[in-house]
Structures are given as C-alpha cells and as structure tokens.
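Commentary on secondary and tertiary structure
The residues making up each chain are set out below.
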Amino acid sequence: MVHPTGSGLGAGDLRQFQGFVGVEVYNAASDDLFSKGYSTILWDEFILASLEGLDAHSNLTWGFAADDVHYFAPNEAGRGWVMVRTTDFSVPGLLTAMRAGHFYASQGPEIHDVQIAGGKVTVECSPVRRISVMARRNRGRTYRATGDDVLTGIEHELRHGVPGMDPERQELYVRIEVEDAEGRQAWTNPQAL
C-alpha cells in the first residue's frame, strides 16, 4: 500500500484491501508535499488488528520506505529505500526474500541484526541516538543515548508468555525502529511472538 497517510487512509481503510504485502511506512514525496510521509502508527494499528483477529503468523504486514521520485525532485531522491537480506540478487531472488519479510526499510541507519530468543530481543545497528522496541499499544520501550554518546545495540526483556500476567499487558509482536543523530530512521518488519 503506497503512501497511505499521504493518501488520507486509516487502518480501517486498509482492511478493505486484500492481497497487498506491505505498507509504505515512509514516503519522501508525501513528506515534502503534505508533511504526511510517515505511516508507522497506521502500520501498528493494522498489525495489531490483524493479530488480534487472525492467525498471528499468517497476517504480518511488511514495512517499506521509498523516495517516490517519478520526476526530478532533489529534495526527495534517495530519502527512503529497503535493504534486502539475500544471497540471490536476481529479480526473482529479491522478490522471494522481500515477500518473506527479509528486509528492513531505511532513510540511512543500518540494522545489522535482530534476534529474538530466551525471552529477549537483541538489536545490533549502526551508531544511533535512539532504538525503540515497538509492540502493541503502549508496550515496548525506547532506549536513548545520553549526551554525545551513541547506541549500537540493546537487549530488551520481552513481556510475552509471562505466567499470571494480564494478556493485555503482553507484547503480541515486536518491530524495531532506530533513529540516528540526523533524525533519519530505519524500521524492521514485525515479528509475531
């Protein structure tokens, strides 16, 4: 789904469409033209509605970033892209990896690794000022560098499958957002827990 926020769509509108693989979480043209280039809140609402109503592992929606340049636009070019994890860089190989969610969206920061194991999520990335573990509603956490320091990774204790914990307080999924010193961001795809 291209530039949903820039098109004035909400999470309820997205539920009317079928067969799309992902949501454009950042679109440089919509950002420049309407200040509506980011769709992360809409993305989280759509993911959560999907997970609460359907099989959690079959309905995750991937996040894309794009500059959306159809013409010469120096303010937009090169401001959003995806980084694909694959060893097959042919068109079919890239599409297979992307359909499986083996990529992240970025405006510049690099996400080197994300591991979910032993009740924790571990993130390794290029130097950034903020790393956020995004989850349902007000779950998750933001880690911030202080002063002139930078972060290159975090370890976050998950709140999922905890005996006796209210199910509404547990995380159903996580995705990672990072932000560098210039305010550029990167977003991983969601992982159901």
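Look up: the structure comes first, before these words.
For the structure given in this document, a descriptive report is provided here.

About the cut-offs
Residues numbered from 1 in each chain as written. Predicted model: local features only at pLDDT ≥ 70, side-chain atom pairs only at ≥ 80, totals over all residues. Heavy atoms only, no water. Core = buried A, V, L, I, M, F, W, Y, C linked by side-chain atoms within 4.5 Å. Buried < 20%, exposed > 50% of the residue type's maximum accessible area, 1.4 Å probe, protein only. Helix = DSSP H or I, 4+ residues; strand = E, 2+ residues; numbered from the N terminus. Phe/Tyr/Trp six-rings, centres within 6.5 Å; stacked < 30°, edge-to-face > 60°.

Trp43, Ile47, Leu60 and Trp187 are the most contacted members of the largest nonpolar core, which has 19 residues in total. Counting residues per element, the ones that place at least two in this core are strand S1 (22–27), helix H3 (40–53), strand S2 (62–66) and strand S4 (103–106). Per element, the largest residue contribution to this core is 5 residues, and it comes from H3. Listed in part, the 18 residues of the second largest apolar core include Ile131, Ala135, Leu158 and Val174.

Another aspect to go through is the packing of aromatic side chains. On inspection of all chains with the given rule, the structure shows 4 aromatic pairs. With a centroid separation of 4.8 Å and an interplanar angle of 50 degrees, the aromatic rings of Tyr26 and Tyr38 are classed as tilted. One end of the pair, Tyr26, is in strand S1; the other, Tyr38, is in the loop between helix H2 (28–34) and H3, and 12 residues separate them in sequence. Judged by relative accessible area, Tyr38 falls into the partly exposed class, the value being 33%. Joined through ring pairs, the aromatic side chains of Tyr26, Tyr38 and Trp187 make up one cluster.

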